[in-house]
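Residue strings, one per chain:
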Amino acid sequence: MHSIVPYEDRVHRQAVVDLWAVAFGSGIGHNEPRLSIDKKLAVNDGLFFVATVGGRVVGTTLAGYDGHRGWLYSVAVDPAFRRSKVGAELVRHAERALVSRGCMKVNLQVVGSNTGVVPFYESLGYLVEDRISMGRRVDG
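Residues numbered from 1 in each chain as written. Predicted model: local features only at pLDDT ≥ 70, side-chain atom pairs only at ≥ 80, totals over all residues. Heavy atoms only, no water.

## Overview of the sheet that holds strand 2 (residues 48-53)
For step 1, the next point in the chain: Strand order in the open sheet formed by five strands is 1-2-3-4-5, and the pairing between neighbours is mixed. Either end of the sheet is taken by a strand with one partner, and the two such strands are strand 1 (3-6) and strand 5 (106-108). For this sheet, the mean angle separating the axes of adjacent strands, direction not counted, is 30 degrees.
For step 2, the next point in the chain: Strand contacts of helix 1 (residues 9-24): strand 1, strand 2, strand 3 (56-65) and strand 4 (70-77), with the helix running at about 85 degrees to strand 3, the strand carrying the most contacts.
For step 3, the next point in the chain: Packing against the sheet, helix 3 (residues 86-99) makes contact with strand 1, strand 2, strand 3, strand 4 and strand 5, and its axis sits at approximately 155 degrees to strand 4. (Pairing = 2+ DSSP bridges. Helix = DSSP H or I, 4+ residues; strand = E, 2+ residues; numbered from the N terminus. Axes fitted to C-alpha atoms, helices over the stretch in contact; angles between N-to-C directions. Contact = heavy atoms within 4.5 Å.)

## Some details on unusual backbone geometry
For step 1, the next point in the chain: The backbone of Asn44 shows a phi angle near 55 degrees, a positive value even though the residue is not glycine.
For step 2, the next point in the chain: Along the chain, the position of Asn44 falls in the loop between helix 2 (33-43) and strand 2.
For step 3, the next point in the chain: When its relative accessible area of 67% is taken as the criterion, Asn44 is described as exposed.
For step 4, the next point in the chain: For Lys85, which is not a glycine, the phi torsion comes out positive at approximately 75 degrees.
For step 5, the next point in the chain: With respect to the helices and strands, the residue Lys85 is situated in the loop between strand 4 and helix 3.
For step 6, the next point in the chain: Using a relative accessible area of 59% as the deciding quantity, one classes Lys85 as exposed. (Buried < 20%, exposed > 50% of the residue type's maximum accessible area, 1.4 Å probe, protein only.)

## Examining the environment of Arg82
For step 1, the next point in the chain: Mapped onto the fold, Arg82 is located in the loop between strand 4 and helix 3.
For step 2, the next point in the chain: Using a relative accessible area of 43% as the deciding quantity, one classes Arg82 as partly exposed.
For step 3, the next point in the chain: Between the C-alpha atom of Arg82 and that of Gly59, which follows or precedes it by 23 residues, the distance is 9.3 Å.
For step 4, the next point in the chain: Within the structure, Arg82 has its side chain in polar contact with the backbone oxygen of Val77 (distance 2.9 Å). (Polar contact = N/O pair within 3.5 Å; in protein donor to acceptor, adjacent residues only side chain to side chain.)

## Considerations on the packing of aromatic side chains
For step 1, the next point in the chain: Under the definition given, this model contains six aromatic pairs.
For step 2, the next point in the chain: Centre to centre, the rings of Tyr7 and Phe48 are 4.1 Å apart; their planes meet at 0 degrees, and the pair counts as stacked. Taken together, the residues Tyr7 in the loop between strand 1 and helix 1 and Phe48 in strand 2 connect sequence positions 41 residues apart. We note that Tyr7, like Phe48, is buried.
For step 3, the next point in the chain: Judged by centre distance (6.1 Å) and plane angle (15 degrees), the ring pair of Trp20 and Phe48 falls under stacked. Of this pair, Trp20 sits in helix 1 while Phe48 sits in strand 2, and the two are 28 residues apart along the sequence.
For step 4, the next point in the chain: By relative accessible area, which is 2% here, Trp20 ends up buried.
For step 5, the next point in the chain: Put simply, the rings of Tyr7, Trp20, Phe24 and Phe48 pair up and form one aromatic cluster. (Phe/Tyr/Trp six-rings, centres within 6.5 Å; stacked < 30°, edge-to-face > 60°.)

## Quick notes on the packing of helix 1 against helix 2
For step 1, the next point in the chain: Packing of helix 1 against helix 2 leaves a shortest axis separation of 9 Å and a crossing angle of 140 degrees. Classified by the angle between their axes, helix 1 and helix 2 sit oblique to one another. Crossing hand, helix 1 versus helix 2: right-handed. Judged by residue contacts, Asp9, Arg13, Gln14, Val16, Val17 and Trp20 of helix 1 engage Pro33, Arg34, Ser36, Ile37, Asp38 and Leu41 from helix 2.
For step 2, the next point in the chain: Grouping the amino acids of the contact of helix 1 with helix 2 by side-chain chemistry returns six nonpolar, two polar and four charged. (Parallel < 35°, antiparallel > 145°, perpendicular 65-115°, else oblique. Left-handed = near helix turned anticlockwise from the far one by under 90°. Nonpolar A, V, L, I, M, F, W, Y, C, P; charged D, E, K, R; others polar.)

Structure (structure tokens):
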């Protein structure tokens, strides 16, 4: 049985870094795991969650809310725990946290090379929307 708990840096950091390396590959630039963790912690919004089994981190999700829309980021599940509802429960947990802050719509993006995860999100009620996602690095 797994538990979903708020991320605690001193307890979870290395395990999350290791999980993200497996789930997402090598960190590059703004997606480097330690940098992503530090930037999320600096926001201090309480929207970073880990799933644990026997104290071991087996999943993560970060959520964000800007007062208009919520976002899900870094939903990752250890390959040994996929298809065991860990991912679905992480998403639902983050959604509840967003709703409690007044969020009415949750968005997420899927990396183009990871289209195999689309059916998972569709099973949770997410739809592919007619949008163009754009981004720009603004490093100083």
